[in-house]
Amino acid sequence: MTPVPEQAQVVVVGGGIVGCSVAYHLARRGVSDLVLLERAELTSGTTWHAAGLVGQLRSSQNLTRLAKYTAELLPDLERETGQATGFQQRGSVSVATSGERMHELLRNVSAARLFGLEAHRLGPREIEQLVPIAELEDVVGGVFLPGDGSTNPVDTTRAFALGAKARGATVVEHAAATSVVVESGRVRGVRYHLDGVDREISCSTVVNAAGMWARELMHPLGVDVPLHAAEHFYVVTEPVPGLPPGMPVLRDPDGCSYFKEDAGKLLVGWFEPVAKPWAVQKVRGVPAIPDGFAFGTLPPDLDHIAPLMEQAVRRVPVLGDAGIQLFFNGPESFTPDDRYLLGPTPEVDGLFLACGFNSIGIQSAGGAGSVLADWIVDGYPPMDLWDVDVRRMMPFQGTSHYLRDRTTESLGLLYAMHWPSRQYETARDVRRTPFHAQLASEGAFFGEVAGWERANWYAGPGREPRYDYSYGREGWFPHARSEHLAVRNAVGLIDLSSFGKFVVKGPGACRALNRICANEVDVAVGRIVYTQWLNDRGTVEADVTVTRESENSFLVVTAAATQRRDFAWLERQLGEEAGCTAFDVTSAYAVLGVFGPGSRAVLSRASIDDFSTAAFPFGGSRTVEIGYARVRASRVSYTGELGWELYIPTEYAVHVLDQVRDADGTAALVGYNALNSLRVEKAFRSWGHDIGTDDTPLEAGLGFAVAWDKPGGFIGRDQLSAASARGVRRHLLQFQLASDAPLLHHNEPILRDGVAVGRITSGAYGHSLDRSMGLGYVTLEPGEDPRHGGLVDAFEVEVAAERFPAVATLDPAYDPGGTRMRA
C-alpha cells in the first residue's frame, strides 16, 4: 500500500483524466508535495467509458488553445512515461444538411485558421473520399479538421498519473475524500476514508476534480458547483467489413450523432435534444449517486434513443446491418452553459474546481490541467479563462431543481445550432426585475444573463415576440433598429436593473478603492469615475464605474454577468482593510436608463429637480425626487447620447417608471439588442468581449482612465508603466463594413493585406450609420502610427470563409468627440 503523508501542499480529489492531468502539471511546475485521492480506482467515474475524441476547435481562441495543447501533448506524454496513450491523429469531418449549418461550419473554418488550426471546406464528393460509409444525398457540404484525433482515455489517464508520480506526487486509490476542512474562510485540509479508517491530510490548496461527485463534496461548505449528471448513450457494433481503418471521426450535428471507427467496429454516440438527468433524488439537497458506484453503467433505454438511432442509420447505412455488440449508457456531468468549471471558488480561499466537462473532458484535460497548475502556482491564470471561470456562475445555479431542469437542454446544445442570439428554453424566469410584468405587457422578448430576465427587444403590445434564429438579420432586427433610432433621435427607456452593484463603506473606503482602481476615485462627493481594476500584470480584471455617494461611501457598478466575479475580486483586494466593508446591493436597487436628446426634457417634467448641464454636468450623480420617491440620478450613458441612470429602491421602481412614462408618453421602451448596437456604434468596450485579463487599458484605448501619478499608485501600475515604455503595438479598433455585408458577432478574422492580424471581439449593426460594425484588436508594425490621419485602411473581415472590405478607425465613427452625451 502507498504510504499517505499527513501533510501536503496540494491535494487533488478525483482520479479521472482531469484530476490526473492537474497532478501531472502541478508536478511539472515543481509541486512534488502533492497527493491525489481517488475514491475507487483511476478512471472509475466517467473517464473509463468516454469515447476518447480529441477535437480542438472550441468556442473561443483560448479554449481552442487548451484543446490544441492536449492534442500536441499526448505524443510527448507517451514518450515521457512509456505508457501508450492510444492517440491517433485521424482528423474529423463535420457535415451540414442545411445552408445555415453550412454557414456555421464555414464560420468555424475561419475561426480555426485564425486560431492556428488547419481546416478545409469540403463538398460531398470530398467527404465521400474521407468517409466512404456515409450517405450524403442530403448533405450540402462539410468541414475537415485534420489535426483532430482520438485517444484511449484509460491509458492516457494512467500516463498522466505515472508522469505525476515520477516527479514525486503521491497517487492513492480507494481513498474516498469525505470533506474539505475549512477554517476562517481558507482550506486547511482534507478528510478521507482509507482501509476502514478515517484520516486527514493538512494542506493549503485543494483541487476538486471529482467529476459528478464534485457538487456533493462541496455542499456542506456552501460552495456552489453547478453541474448535474445526465445519461449519455452510445453503441459499439460488431466488426464492420470494409470499414476503413483510421477513418476520420464523422460528426453529423443535424442528426445529433458522431461516428468513430474503433478496431474495425463503429462507435456511434449522440447528444440528444432532450436529455435524461441522472441521480435526481435528493440527499441533503444535492443529487444522490449510489454508494460504491464505480465503473458503473445505467440501464439501456432503447425507446429514448431509437429516433436518433434511425437518423444514424440513414447517415451510415452499414450501421443497419451491423450487429450491436454493446449498448452503453453511462453518466456524465453537464453544466448550465456547457462550459466547464475551472479556477478558484469565490467562497473559500485555496479551493479550486476542475470539473463539469460536458463530455469534452478528454480533449480538454491536458490544457485545463496545465492552466490550472499555473493558476495555483503563480496565483493567476496564464490567459483569459473567463469562459470557464467558476465565478461566472450565480449561486442559484447550484440548486438541484435548476440543474435538473437545465440539464435536459444543455447536453443537446453541444450539437445544436449555435445561433448568435439563441436563448435557453429551460430553467428560466429565475431573476425578474421589478419592471418585468409591465415590460412583458408591452411585448418584451426576454433574454437571460446570469439568471436575469432582460428585455432584448419589444414586439409591441398584443404581439407575441419570438425568435427566428439566423446568422443574418433575424425577425427582431427592425424592432431593434426602431429602438436604436429612438435613443439617437428622441428618448428611450432601458431596464438596467441587472447591473451588479456594490457599496464600499467606512473611513478607509477611499484609500482602499483608490488602490484597487486605476483611475482617481478621491473625487468630490457626487462625482462618477469610470475606471478599470487591474491585476499585478497590469491587465484588466474589471470594468466599472465608481460613484462617491458621501465622504466614506462609494457605489461600484458593474455588468450583470460579472457580478459574482467582481465582488469576489473586490473582497479579496480589500482584505483586512481597516474601517472598510463591501456589500453587494444588487437586489436593493432597480435601475432605469433614460437616454436620448429628449431625456433632459422628460426628467425635467417628471421631477422638480434641475437637470440642466450647469446644474447637473456629465459625470455627476445626486439624489432627486421623481413622484413620491427619492432616487439616485447618475449622468452617464452607455449609449453615447445624453442620458441618466436612475437607481431606485426596488419597492419604488414601478412607481418611478410610471412617473417617467407619464411625463412623456412617446418615450420608447428599448431592449438590450439595441443597447448593444448603440454601444458598438460608439465603440464602447464590453468586459469579457472587448477587454479582459489578456488586455491592458493602453491596448484597449482606455489610457484616459488611468491616473498614473495619484498618491499611493494602484494595483498593476508598475507593470502597466513598463508596458507603456515598451510601446503599444496591439490596438482595439472599430471596423465598418458595407450596409449589405454580413453581420459581425465575434471571432471573425481581421486581415490586412491578406494576412490575419486580429479578430473581431464583438459586433452589431450600426443603424445610425447603416453599417455592419465591430470592434477588434490588431497588431501593428513597430513604430507604425495606428491613426494614419484617423483612418486605417487595407483591412478585410472574413465571415464564413468569405472576405469583406472594412474601414478601421481608432476613434469611434459615431460622434467621435462625445459631444452628444455631454450636451
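Reference entry: report on the structure contained in this document. (Residues numbered from 1 in each chain as written. Predicted model: local features only at pLDDT ≥ 70, side-chain atom pairs only at ≥ 80, totals over all residues. Heavy atoms only, no water.)

## A look at the overall build of the protein chain
Applied cut-off: Segments assigned H or I by DSSP are reported as helices when at least four residues long, segments assigned E as strands when at least two residues long, and all are numbered from the N terminus. C-alpha atoms define the radius of gyration in this analysis, and the globule rule sets the expected value at 2.2 Å times the number of residues to the power 0.38. Residue exposure (1.4 Å probe, protein chains only): buried if accessible area is under 20% of the type maximum, exposed if over 50%, otherwise partly exposed. Any pair of residues with heavy atoms lying within 4.5 Å of one another is described as a contacting pair. With residues, only the protein chains shown are counted as cover, and all accessible areas are computed by Shrake-Rupley using a 1.4 Å probe. This count recognises Lys and Arg as positive and Asp and Glu as negative, with His and chain-terminal groups excluded. Charged groups are reduced to one reference atom each: NZ for lysine, CZ for arginine, CG for aspartic acid, CD for glutamic acid.
Counting secondary structure elements, the protein chain contains 18 helices and 40 strands. Relative to the 2.2 N^0.38 estimate, which gives 28 Å for 823 residues, the radius of gyration of the protein chain is 27 Å and therefore close to what a compact globule would have. By principal-axis analysis of the C-alpha atoms, the protein chain measures approximately 80 × 65 × 55 Å. Within the protein chain, buried positions represent 61% of all 823 residues. Considering only contacts within the protein chain whose residues lie at least 6 apart along the sequence, 72% involve residues at least 24 apart. When the accessible surface of the protein chain is summed, it comes to about 30,300 Å², and 49% of that surface belongs to carbon and sulfur atoms. Averaging the positions of the 76 positive and the 100 negative side-chain charges in the protein chain gives two centres separated by 4 Å.

## Quick notes on helix α15 (residues 599-606)
Side chains that are three or four residues apart share a direction in an α-helix, a result of its 3.6 residues per turn. To keep things clear, this is the line we draw: The arc in question is formed by the directions pointing from the helix axis toward the C-beta atoms.
Along α15, the positions that sit buried rather than exposed are Ser 599, Val 602, Leu 603 and Ala 606. All buried residues of α15 project into a common sector of 90° when viewed along the axis, lining one side. Looking at the packing, one finds that the buried side of α15 touches β30 (589-595), β31 (621-626), β33 (643-649) and α16 (653-663).

## Looking at the pattern of salt bridges
This is how it is decided: By salt bridge we mean one thing: a side-chain nitrogen of Lys or Arg within 4 Å of a carboxyl oxygen of Asp or Glu.
Applying the stated criterion to the full structure yields 43 salt bridges. We note a salt bridge from Glu 549 to Arg 632, for which the minimum N-O separation is 3.3 Å. A residue pair is termed long-range when its members are at least 10 positions apart, and Glu 549 in strand β27 (residues 540-550) and Arg 632 in strand β32 (residues 629-634) qualify at 83 residues. Residue class for Arg 632 comes out buried when judged on its relative accessible area of 14%.

## Looking at the pairing of strand β25 (residues 500-505)
Counted only if it meets this: By this definition, two strands are paired if DSSP reports at least two bridges between them.
Of all six residues that make up β25, five are buried, and the element is covered over most of its length. In the sheet, β25 pairs with strand β28 (residues 553-558) via six bridges, with the strands oriented antiparallel. Looking at β28, one finds that Lys 501 is bridged to Val 557.

## Notes on the nonpolar core
Cut-off, in case you're wondering: We call a set of buried Ala, Val, Leu, Ile, Met, Phe, Trp, Tyr and Cys residues a nonpolar core when their side-chain atoms join them within 4.5 Å.
In this structure, Val 12, Leu 26, Val 207, Tyr 340, Leu 342 and Leu 372 are the most contacted members of the largest nonpolar core, which totals 47 residues. Elements that contribute at least two residues to this core include exactly β1 (10-13), α1 (17-28), β2 (34-37), α2 (61-81), α5 (153-166), β21 (351-355) and α9 (361-378). Here this core takes eight residues from α9, the largest share from any one element. Every residue in contact with Val 207, bar those within four places of it in the chain, is listed here: Val 10, Val 11, Val 12, Val 13, Val 22, Phe 352, Ala 354, Leu 372 and Ile 376. Val 13, Ile 201, Ala 229 and Ile 289 belong to the second largest nonpolar core, which has 37 residues in total.

## Here's the deal with the packing of aromatic side chains
We apply this condition: Centre distance within 6.5 Å is the pairing criterion for rings of Phe, Tyr and Trp, where only the six-membered ring of Trp is used; planes under 30 degrees apart are then read as stacked, over 60 as edge-to-face, and the remainder as tilted. A ring is considered to have a charge above it if a Lys NZ or an Arg CZ atom is located within 6 Å of its centre and within 35 degrees of its normal.
Following the criterion strictly, the structure yields 23 aromatic pairs and no others. Taking 6.3 Å as the distance between ring centres and 70° as the angle between the ring planes, the aromatic pair formed by Phe 233 and Phe 327 counts as edge-to-face. With Phe 233 in strand β13 (residues 228-237) and Phe 327 in strand β19 (residues 324-334), the pair connects residues that are 94 residues apart, well separated along the chain. On the basis of relative accessible area, Phe 327 is assigned to the partly exposed category, the value being 22%. Measuring from ring centre to ring centre gives 4.3 Å for Tyr 340 and Phe 357, while their planes differ by 20°; the resulting arrangement is stacked. Of this pair, Tyr 340 sits in the loop between β19 and β20 (341-344) while Phe 357 sits in the loop between β21 and α9, and the two are 17 residues apart along the sequence. Here Tyr 340 falls in the buried class, since its relative accessible area comes to 3%. Residue class for Phe 357 comes out buried when judged on its relative accessible area of 7%. Site record: aromatic cluster; members linked through ring pairs are Trp 48, Tyr 234, Phe 295 and Phe 328. Across from the ring centre of Tyr 424, 3.9 Å away, lies the NZ or CZ of Arg 406, which sits over that ring. The ring of Tyr 814 has Arg 488 lying over it, and the distance from NZ or CZ to the ring centre is 3.9 Å.

## Quick word on the environment of His 401
Here His 401 is to be found in helix α10 (residues 400-410). Residues His 401 and Ala 427, spaced 26 residues apart in sequence, show a C-alpha to C-alpha distance of 8.5 Å.

## Topic: the environment of His 193
Here His 193 is to be found in strand β10 (residues 186-194). Non-local contacts of His 193, meaning those with residues more than four positions away in its chain, are made with His 174, Ala 175, Ala 176, Thr 178 and Asp 198.

## Section: the side chain of Arg 488
Quick reminder of the rule: Under the rule applied, a polar contact is a pair of N or O atoms within 3.5 Å (in protein, one hydrogen donor and one hydrogen acceptor; residues adjacent in sequence only if both atoms are side-chain atoms).
Inspection of the secondary structure assignment puts Arg 488 in helix α12 (residues 477-489). A polar contact of 2.7 Å, which involves the side chain of Arg 488, links it to the backbone oxygen of Thr 639. At a separation of 3.2 Å, a polar atom in the side chain of Arg 488 contacts the side chain of Ser 768. Setting aside chain neighbours within four positions, we find Arg 488 in contact with Pro 597, Thr 639, Gly 640, Glu 641, Leu 678, Glu 681, Ser 768, Tyr 814 and Arg 820.

## Structural notes on helix α13 (residues 509-516)
Here α13 lies mainly inside the structure; six of its eight residues are buried. Along α13, the residues classified as buried are Ala 509, Cys 510, Ala 512, Leu 513, Asn 514 and Ile 516.

## Overview of the sheet that holds strand β26 (residues 528-534)
The test is simple: As a rule, the C-alpha atoms of each element are fitted with a line to give its axis, helices using only the stretch in contact, and angles between N-to-C directions run from 0 to 180 degrees.
Spatially, five strands are ordered β26-β27-β28-β25-β29 in an open sheet, and the strand pairing comes out antiparallel. Edge strands, defined here as strands with exactly one partner in the open sheet, are β26 and β29 (581-584). Averaged over all pairs of adjacent strands, the angle between their axes in this sheet comes to 30°, without regard to strand direction. Each of β25, β26, β27, β28 and β29 touches helix α14 (residues 563-574); the most contacted strand, β25, lies at about 15° to it.

## Some thoughts on the environment of Gly 688
Tracing the backbone shows Gly 688 in the loop between α17 (672-681) and α18 (717-726). Distance in space between the C-alpha atoms of Gly 688 and Ala 559 is 9.9 Å, their sequence separation being 129 residues.

## Section: the side chain of Ser 400
Here Ser 400 shows up in helix α10. Of the residues examined, Ser 400 reaches a relative accessible area of 12% and is grouped as buried. At a separation of 3.1 Å, a polar atom in the side chain of Ser 400 contacts the side chain of Arg 215.

## What about the sheet that holds β2?
Taken in spatial order, the six strands make up an open sheet running β8-β2-β1-β12-β21-β20, and their pairing is mixed. Each edge of the sheet is formed by a strand with only one pairing partner; in this case those strands are β8 (170-172) and β20. Across the sheet, the axes of successive neighbouring strands diverge by a mean angle of 15°, strand direction being ignored. Sheet topology note: the β1/β2 ladder contains four bridges and is parallel. Looking at the pairing, Val 12 lines up with Leu 36 of β2. On the sheet, α9 packs against β12 (205-208), β20 and β21 and is oriented at approximately 15° with respect to β20.

## Here's the deal with unusual backbone geometry
In this model, Ala 427 sits at a positive phi of 50°, which is unusual for a non-glycine residue. Note that Ala 427 resides in the loop between α10 and α11 (436-441). Accessibility expressed as a relative area gives 17% for Ala 427, which makes it buried.

## Some details on the layout of surface pockets
Quick note on the threshold: Using a grid of 1 Å spacing that covers the protein atoms alone, one calls a set of points a cavity when a 1.4 Å probe fits there but cannot get out, and a pocket when the set is open and has protein on both sides within 12 Å along at least five of seven lines; lining residues are those with an atom within 4 Å of a point. Grid points are joined across faces, edges and corners, and a volume is the space filled by probe spheres set on the points.
Roughly 570 Å³ of volume is contained in the second largest pocket. Around the second largest pocket, the lining comprises 29 residues; the ones closest to its centre are Pro 344, Trp 375, Gly 379, Tyr 380 and Arg 572. Mapped by element, the contributors of at least two residues to the lining of the second largest pocket are α9 and α14. When residues of the lining of the second largest pocket are assigned to their parent elements, the largest contribution, four residues, is made by α14.

## Focus: the pairing of strand β22 (residues 444-449)
With five of six residues buried, β22 is to be regarded as a mostly interior element. With six bridges connecting them, β22 and strand β23 (residues 452-458) associate as antiparallel partners. Paired with Phe 446 across the strands is Ala 455, a residue of β23. Between β22 and β23, which follow one another and run antiparallel, lie two residues, and Ala 450 among them has a positive phi close to 55°.

By themselves, these observations are geometric and do not establish any function.
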